[in-house]
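So you can see what is in the structure, the chains are spelled out below.
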Amino acid sequence: MGRRFLIQLPVVADDLTTAVRVARVIARSLSFHHLVECDEATVAAVDHPAVRHPAFCPGQLPNGRRCLLRPDHDGKCARRLPR
């Protein structure tokens, strides 16, 4: 694999819950493209950029892919939202 680049897209939200929700929506909406690693999406406060809050669960599925549910979800990890 060659060099990798991250695209930083500043989005302003009034609270962490909203920021994480928006990050999840943006990441999921771009997940159709193989270049997007939405399971790595994080949110950070402007005044504390080194403190990152994950938008997705850190759990790994048996096939090696990451869970795409919220970090504090109940039940088994999955790549799709429960119905």
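Residues numbered from 1 in each chain as written. Predicted model: local features only at pLDDT ≥ 70, side-chain atom pairs only at ≥ 80, totals over all residues. Heavy atoms only, no water.

**Considering the environment of Asp14**
Looking at the element boundaries, Asp14 is found in the segment before α1 (16-30). Considered as a pair, Asp14 and Glu40 are 26 residues apart in the sequence and their alpha carbons are 22 Å apart. (Helix = DSSP H or I, 4+ residues; strand = E, 2+ residues; numbered from the N terminus.)

**Concerning the pattern of salt bridges**
Enumeration according to the criterion identifies 2 salt bridges in this entry. Where Arg66 meets Glu40, a salt bridge forms, and the shortest distance between an N and an O atom there is 2.7 Å. Taken together, the residues span a long stretch of sequence, with Arg66 in the segment after β2 (48-54) and Glu40 in the loop between α1 and β1 (42-45) at a distance of 26 residues. Glu40 sits in the partly exposed class, given a relative accessible area of 46%. With a closest N to O distance of 3.0 Å, Arg70 and Asp72 form a salt bridge. The class of Asp72 is exposed, set by a relative accessible area of 56%. (Salt bridge = Lys/Arg side-chain N within 4 Å of Asp/Glu carboxyl O. Buried < 20%, exposed > 50% of the residue type's maximum accessible area, 1.4 Å probe, protein only.)

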